[in-house]
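A closer look at the structure
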Amino acid sequence: MKKICIVSTCRSDFGIISNIVKKIQFEKNIKSSFLIYDIHKNQKLGNSIDEIKAQNIKVDFIVKPSIKSFTNKELNLSYRLGSTIFEVSKILNKIKPDIVILYGDRIELMSFALASVLQKIPVAHINGGELTYGAYDELVRHSLTKISNYHFVASQKNKKILIQMGEEKKNIFNIGHPVYENIKNINLLN
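**Describing the overall build of the chain**
The helix and strand inventory of the chain stands at seven helices and seven strands. The linear arrangement of helices and strands in the chain, starting from the amino end, is β-α-β-α-β-α-β-α-β-α-β-α-β-α. Relative to the compact-globule value of 16 Å for 190 residues, the chain shows a C-alpha radius of gyration of 16 Å, a close match. Across its three principal directions, the C-alpha atoms of the chain cover 45 × 40 × 40 Å. When contacts within the chain are restricted to residue pairs at least 6 apart in sequence, long-range pairs at least 24 apart make up 63% of them. Carbon and sulfur atoms provide 56% of the accessible area of the chain, an area that totals close to 10800 Å².

Quick look at the structure:
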């Protein structure tokens, strides 16, 4: 039986990958683990863990980095990301998944990706090859691409970008954007 770990770091990525998470959790031949970042429990950011529970999705682990406050926001972020690597590494060492699935381009994903690499667990990245000009996101997304073993892209254009970045064609799969799956499941008004 394959063991798959899927990660959600915030409300925006959960909304897009929720159907993927459900399919993996209900697949009989897969043992899944769903990890969420503690931002999902943040009251100021909408307490999106309630949305997860409302969809009957089981959360296996909530990753909570160590809290220490620095006056410099860059030091705060560095400390949070570093402690997240350690917390995720402990979880991955415990569950020993065959693969970790990451979606998107949030900076917190770097901690999950690096923990996976350090635990020698292959990484699958969804939505590589996107372009965001002038934002942190692009640097993170392309870094995740280079760390990842498998790539699930939204378009042929994105696949071409990953090939130009040196990724192997055989490990890039054009699946379309995951949000299309959500759109198919919407009950439209007549």
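**Comments concerning the environment of Ser18**
Tracing the chain through its elements places Ser18 in helix α1 (residues 11–26). With relative accessibility at 5%, the residue Ser18 sits in the buried group. Sequence separation of Ser18 and Glu51 is 33 residues, and the distance between their C-alpha atoms is 9.9 Å.

**Digging into the sheet that holds strand β4 (residues 99–103)**
An order of β3-β2-β1-β4-β5-β6-β7 is seen for the seven strands of this open sheet, with the pairing classed as parallel. With partners counted over all chains shown, the strands left at the sheet margins are β3 (61–63) and β7 (172–174), one partner each. Recorded for the sheet is a direction-independent mean angle of 20 degrees between the axes of neighbouring strands. Examined bridge by bridge, strand β6 (residues 150–153) and β7 share three bridges and lie parallel to one another. Across the sheet, residue His151 finds its bridge partner in β7, namely Ile172. Helix α3 (residues 73–95) rests against β1 (2–8), β2 (30–37), β3 and β4 of the sheet, and its axis sits at about 160 degrees to β3.

**Section: a nonpolar patch on the surface**
Where nonpolar side chains cluster on the molecular surface, the patch consists of Tyr150, Phe173 and Ile175 and spans about 260 Å² of accessible area. You can see Ile175 is positioned in the loop between β7 and α7 (179–184). With relative accessibility at 47%, the residue Ile175 sits in the partly exposed group.

**Some thoughts on the environment of Ile121**
Relative to the assigned elements, Ile121 resides in the loop between α4 (108–118) and β5 (123–126). Taking the C-alpha atoms as reference points, Ile121 and Ile30, 91 residues apart in sequence, are found 16 Å from one another. Not counting residues within four places of it along the chain, the set of residues in contact with Ile121 comprises Leu92, Pro97, Asp98, Ile99, Val100 and Ser116.

Definitions and cut-offs
- Residues numbered from 1 in each chain as written.
- Predicted model: local features only at pLDDT ≥ 70, side-chain atom pairs only at ≥ 80, totals over all residues.
- Heavy atoms only, no water.
- Helix = DSSP H or I, 4+ residues; strand = E, 2+ residues; numbered from the N terminus.
- Rg over C-alpha atoms; globule rule 2.2 N^0.38 Å.
- Contact = heavy atoms within 4.5 Å.
- Areas by Shrake-Rupley, 256 points an atom, 1.4 Å probe, with all protein chains shown as cover.
- Buried < 20%, exposed > 50% of the residue type's maximum accessible area, 1.4 Å probe, protein only.
- Pairing = 2+ DSSP bridges.
- Axes fitted to C-alpha atoms, helices over the stretch in contact; angles between N-to-C directions.
- Patch = residues over 30% accessible without salt bridge, like charges linked within 9 Å, V, L, I, M, F, W, Y side chains within 5 Å.
- Salt bridge = Lys/Arg side-chain N within 4 Å of Asp/Glu carboxyl O.

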